[in-house]
There are 2 protein chains.
Amino acid sequence: MSKTIYLDHAATTPLAPEVFEVMKPWMTQECWNPGGFYAGGFATKEALGRARETVAEILGCMPGEIIFTSGGSESDNLALRGVMNARPGEKHHMITSSIEHHAILHTAEDLARDGHEISILQVEKDGRVSLENLKKAIRENTKLVSIMMANNEIGTIQPIKEIAEFLQETGKKIFLHTDAVQGGVHLDCNVEKMGVDLLSLSGHKFYGPRGMGALFVKSGTPLRPQITGGGQEYNRRAGTENIAGIIGFAKALQLASEHRKSEAIRLSQLRDHAIERIQKEIKHVQLNGSHEHRLPNNINFSFWGVEGEGILLKLDERGICASTGSACTSADLDASHVILATGQGHGWAHGSIRFTLGKATTKELLDKAIDELKEIIAYLRSISPVPPNPPGSN
Amino acid sequence: MSKTIYLDHAATTPLAPEVFEVMKPWMTQECWNPGGFYAGGFATKEALGRARETVAEILGCMPGEIIFTSGGSESDNLALRGVMNARPGEKHHMITSSIEHHAILHTAEDLARDGHEISILQVEKDGRVSLENLKKAIRENTKLVSIMMANNEIGTIQPIKEIAEFLQETGKKIFLHTDAVQGGVHLDCNVEKMGVDLLSLSGHKFYGPRGMGALFVKSGTPLRPQITGGGQEYNRRAGTENIAGIIGFAKALQLASEHRKSEAIRLSQLRDHAIERIQKEIKHVQLNGSHEHRLPNNINFSFWGVEGEGILLKLDERGICASTGSACTSADLDASHVILATGQGHGWAHGSIRFTLGKATTKELLDKAIDELKEIIAYLRSISPVPPNPPGSN
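Keep in mind that what you see is a predicted model, and the values were worked out from it rather than measured.

Right, let's talk about the overall build of chain A for a bit. Along the backbone of chain A there are 14 helices and 12 strands. For chain A, the C-alpha radius of gyration of 22 Å lies close to 21 Å, the compact-globule estimate for 394 residues. When each of the 394 residues of chain A is scored for burial, the buried share is 65%. In chain A, once contacts between residues fewer than 6 apart in sequence are set aside, the share between residues at least 24 apart is 74%. About 14,600 Å² of surface is accessible on chain A, with carbon and sulfur atoms providing 52% of the total. One finds the centroid of the 42 positive side-chain charges in chain A at a distance of 1 Å from the centroid of its 47 negative side-chain charges.

Structure (C-alpha cells):
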C-alpha cells in the first residue's frame, strides 16, 4: 500500500504491526481450543478472558456484557434480531434512521418481513437525527431504537446521549442500540456515559483484524442468540473462539483508545484544511454532512456535473484510494442512500466523493490528493454533457 | 504445543505453517477492502475469487455456490435457519439425528420455538442413522434433512450418499444438509458424488484459520441470509470479507485434500493399533461408535468405573491432551449426549475418553499415551467407589 495515497480508512484500515505481533503466537504456536480440558486449553481460556476484560474496561462495562462476533455486520444483526425476536412469536416496533449502514437498514427490512413494525426516521440536511422526529415516532409497542454513533459516508455524529436521555424520560423500557463501527475509532465509546443498551464494533475499522467484531449487551437486555450451538460467549454466540482475532481486536481497541484524543485533534485539523481548500479551489461543490458534528477523519463532497465513479477511476490512475460511499456498495452504480437522505438530488448524489483519513495521512499526502482531485474535476467537467453550473448557481 | 502429546485434533488443529505463510501478506501488507474501487481493492477481489474457485473445485461445485462464513457453527446455522425460514411465515418439518453437533441440535430446537416441526432420529448402537428410521420420519411437509458426515465424538461416518439417493426417490424436493465439520478433513467432500444440497466446513479442523468456515449451497436452494447488510457473498452473507482468513481457508482445504488419502491410511493404521492395544491391555472397556464406519483419526472408549474428567486431569498432568466429548462442552459435567444416544448407560457414558489423531501423531507418541492411560485407569479404579466389574461382566 506504500506507493498509494490511501484515503479510504472508513472502508478498512491496515492491521497495525503491533496488533499482528500479539496475534502471531496464537496463530503459529498456541493453537488450542479454549474448551480443552488441559493446560493449553486453560491458558487459552484465560487469555480470552483477559482480552474480554480489556475491551470491557475501554467500553466501561462488565466483561460478561461483551460478545465477540465475526464483525460489525454480525454485531448489528445480533443486536436487532436478538432484541426484536427475543421472545418467539412476539412482534414489536423498532425505530432507526434513513442513513444507517445497510447492516441495519436491510436487517430492519428483514424484520418487517417477519411482521415487526419499522419506522425509518428522516434526517436533517446535515444528516442528524432530530429528537422531535424521534419523539413523534415512539409507539406503545416500541421495543428498540437503533441509531448509529457516526455515519460511515458523511461522518455525521448523532446525539446518542440525548437520545438515551429522552428514551429514559419516556418511562418505558425502550432498548437503545448504536452502531459504533465508524464512530468507535474516533469517539469515546463509554457505554455508560452514552446510556446505550447495545453497541456494535468492528475490528478492521481501527487497525485490528478482519472478521472480528464485538457487541456490548447491557446486562438484563433480552437477547436471542443468532448462532446457536456450543456454549461459547456465555451461550449467546456459538462457535469455537477465534483467539488470535479476539486478542488482536482487544489490542487494536486499546491502541485506538490510547491515541484517540491526539489523533482526533491531528485529523480534524487535516480535515478542516482539506475542506477549506476544496471549497476555495473547486467551483460548484457541496460538503455533505455536518460541519459541527463530524468525524475527525471524514471529508465528503459532491461535485456538480461529474459522476463519482469517474472521479474514482481517475484518482486510482494517480494512486489515490477514495470512495463514493460505503465500501460495501461502491461497486454498484446507485446513488448513495445516505446522500439522497440528506435531501440532495440525484445530480449531486451521483457526484459524491469521500476521503477518509487515518494514521498514515499527512498534510503533504492530503494536499497532493487535492491537487490531483482539482485536475480530475476540471478534466471531467470539460468532457461532461451536464451543464457546467448547477441549478440556481451563477 | 511441542512438549505435549496432542490427541485432540477433533477439537482444533494447529494452523499449518504453509497456511500461515499465505495468510501473512494479507495481514501485513495488502489490507484492502475488496469492495474498494481502486487497484488494491480490485486485486483483493480477484484473490477472493481465486480462493473461492479453489474451494469450489475441491467440493466439485460452482464458485457461486460457496458462501464463506465465520466458522462451522455459523455454516450450520445458516443452512438450517436459511432453508427453514426461506419464506417468512411458512412452517415446515425438519429431520436430524440425535448425535448431531449442538450447532445442529440447538438450532433445531430454536426452530421448533418458532413453530417448525422437528424430528430427531435415534441412531443404531454404532451411531449410524438407519434409512428405515429416516423413511418413517418423512412427512408431507418435510423440507430439510440434516445429517452429519461424521460424528465429532465417536467418529461414526453416516451413509450420506444413501440418504441422498433415498430422498431423491421420494420424488419430493427435500433438501439435504450435511455438517462436514469433522468429516471434511478425512473424507472426500465432493458434493455431487454425495448428492447433498448444503454442506458445512470449518477451517480450524483442517489446519486452517479459526473464525473461518464455508457453506456449500447448491444453486436453486432457497436460502434466507442470516446476516444482512452489504452485498458480500452474493448477497447471502453480509460483512467485509476476512481476506486473510479466506485465503488461508482455501489453502488449508487444498492441503487437506492433497494429503487426504495417504493420511487416511496412516491414521487408520495408528487408530486400529491403538484400539487393539486398549482392548487387549485394559479390562472393562467399550469402544464407542462403529468399527467399520469410523473416521481414520477417532478413538473413543468408555472405561467402567471411572469418570472421564478424572482421566483427563491425570492425562493433562502427564502432558497428554484428550477430550471427553466435543470441545465445546467438555467443561460441563453432563454425560455426552452422543454416547447416551448410542444406548450406553450413564455408567459408561461418564467414563468416555476421546483420542483424535492428526498430522503430528506418531506411533511412538500414541504408544506412550496408551501406556500412561493404562496406569491412570488402574490408579483411578483403585480409588473408585464403583464396583470393579460392570453389570453382566465376569
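With that settled, the discussion passes to the relation of the copies chain B and chain A. In screw terms, the move from chain B to chain A is a rotation of 180° and a rise of 0.0 Å along the axis, fitting with an RMSD of 0.0 Å. Those values place the two copies in the arrangement expected of a two-fold rotation axis. Residue serine 70 of chain B, judged by its C-alpha, is the member of chain B lying nearest the rotation axis, at 3.0 Å.

Another point: helix 1 (residues 17–28) of chain A. It helps to recall that an α-helix has 3.6 residues per turn; residues three or four apart then point in one direction. An ideal rise of 1.5 Å per residue puts 16 Å on 12 residues; helix 1 of chain A measures up with 16 Å between its terminal C-alpha atoms. Among the residues of helix 1 of chain A, Val19, Phe20, Met23, Trp26 and Met27 of chain A are the ones counted as buried. Down the axis, helix 1 of chain A shows its buried residues gathered within 125° of arc, on one side only. Of the surrounding secondary structure, the elements contacted by the buried residues of helix 1 of chain A are helix 2 (39–59) and helix 10 (243–281) of chain A together with helix 1 (17–28) of chain B.

All names here are of chain A. Tracing the backbone shows isoleucine 311 in helix 11 (residues 308–317). Classification of isoleucine 311 as buried rests on a relative accessible area of 0%. Excluding residues within four positions of it along the chain, isoleucine 311 makes contact with Phe303, Val306, Gly351, Ile353, Leu373, Ile376, Ile377 and Leu380.

Residue and element names in this part refer to chain B. One can describe the packing of helix 11 (residues 308–317) onto helix 14 (residues 363–382) by two numbers: an axis separation of 10 Å at closest approach and a directional angle of 130°. One element, helix 11, and the other, helix 14, form an angle in the oblique class. Pair helix 11 / helix 14 crosses with right-handed handedness. Packed against helix 11, whose contacting residues are Gly310, Ile311, Lys314 and Leu315, the element helix 14 presents Leu373, Ile376, Ile377, Tyr379 and Leu380 at the interface. A class-by-class count of the residues in the contact of helix 11 with helix 14 yields seven nonpolar, one polar and one charged.

Contacts between the two partners involve 68 residues from chain B, matched on the other side by 67 residues from chain A. The largest share of the area that chain B buries against chain A comes from Phe37, Tyr38 and Arg210 of chain B, three residues that together contribute 14% of it. Linking chain B to chain A there are four salt bridges. Among the salt bridges present, the one from aspartate 110 of chain A reaches arginine 224 of chain B, with a minimum N-O distance of 3.0 Å. On inspection of chain B and its partner chain A, the count reaches 27 residue pairs in polar contact (both at pLDDT 80 or more). Broken down by secondary-structure element, the contributors of at least two residues to the side of chain B that touches chain A are helix 1, helix 2 (39–59), helix 3 (72–84), helix 4 (102–113) and helix 11 of chain B. Ranked by the residues each element gives to the side of chain B that touches chain A, the list is headed by helix 4 of chain B, at six residues. Tallied by class, the residues present in the side of chain B that touches chain A amount to 28 nonpolar, 26 polar and 14 charged.

A few words on the pairing of strand 5 (residues 142–146) of chain B. Residues and elements named next belong to chain B. Where burial is concerned, most of strand 5 is hidden: five out of the five residues are buried. Bridging between strand 3 (residues 93–97) and strand 5 involves four bridges; their strand directions are parallel. What sits directly across from isoleucine 95, in strand 5, is valine 145. As defined by bridge partners, strand 5 adjoins strand 6 (residues 175–179) across three bridges and the pair is classed as parallel. Each residue of the ladder has a partner; that of serine 146, found in strand 6, is histidine 177. Crossover connection from strand 5 via helix 6 (residues 160–169) to parallel strand 6: handedness right-handed.

Residue and element names in this part refer to chain B. Pairing within the open sheet is mixed, and its seven strands lie in the order 2-8-7-6-5-3-4. Of all the strands in the sheet, just strand 2 (66–69) and strand 4 (117–121) have a single pairing partner and so form its edges. Direction aside, neighbouring strands of the sheet carry axes that sit 20° apart on average. Here helix 2 sits on the sheet in contact with strand 2, strand 7 (198–202) and strand 8 (213–217), set at roughly 115° to strand 2. Across the sheet, helix 6 touches strand 5 and strand 6, and the angle it forms with strand 6 is around 170°.

With that settled, the discussion passes to the side chain of asparagine 190 of chain A. Residues and elements named next belong to chain A. Along the chain, asparagine 190 falls in the loop between helix 7 (183–186) and helix 8 (191–194). A distance of 2.9 Å separates a polar side-chain atom of asparagine 190 from the backbone nitrogen of glutamate 192. Here asparagine 190 is in contact with Leu59 and Gly60, once residues within four sequence places are set aside.

Residues and elements named next belong to chain A. Splitting chain A by domain gives domain 1 (5–11 + 260–382) and domain 2 (17–255). Using only C-alpha atoms to locate each centre, domain 1 and domain 2 end up separated by 28 Å. Domain 1 puts 30 residues into the contact, and the matching count from domain 2 is 31 residues. Between domain 1 and domain 2 lies a buried interface of about 2,500 Å² when both sides are counted; carbon and sulfur atoms form 52% of it.

Basis of the calculations
Residues numbered from 1 in each chain as written. Chains lettered and ligands numbered in written order. Predicted model: local features only at pLDDT ≥ 70, side-chain atom pairs only at ≥ 80, totals over all residues. Heavy atoms only, no water. Helix = DSSP H or I, 4+ residues; strand = E, 2+ residues; numbered from the N terminus. Rg over C-alpha atoms; globule rule 2.2 N^0.38 Å. Buried < 20%, exposed > 50% of the residue type's maximum accessible area, 1.4 Å probe, protein only. Contact = heavy atoms within 4.5 Å. Areas by Shrake-Rupley, 256 points an atom, 1.4 Å probe, with all protein chains shown as cover. Lys, Arg positive; Asp, Glu negative; His and termini not counted. Charge placed at Lys NZ, Arg CZ, Asp CG, Glu CD. Least-squares fit on C-alpha atoms with pLDDT ≥ 70 in both. Expected span 1.5 Å × (residues − 1). Arc of directions from axis to C-beta. Axes fitted to C-alpha atoms, helices over the stretch in contact; angles between N-to-C directions. Parallel < 35°, antiparallel > 145°, perpendicular 65-115°, else oblique. Left-handed = near helix turned anticlockwise from the far one by under 90°. Nonpolar A, V, L, I, M, F, W, Y, C, P; charged D, E, K, R; others polar. Buried area = accessible area lost by both parts, 1.4 Å probe. Salt bridge = Lys/Arg side-chain N within 4 Å of Asp/Glu carboxyl O. Polar contact = N/O pair within 3.5 Å; in protein donor to acceptor, adjacent residues only side chain to side chain. Pairing = 2+ DSSP bridges. Right-handed = clockwise from strand over helix to strand, strands pointing away. Domains from an automatic or database assignment.

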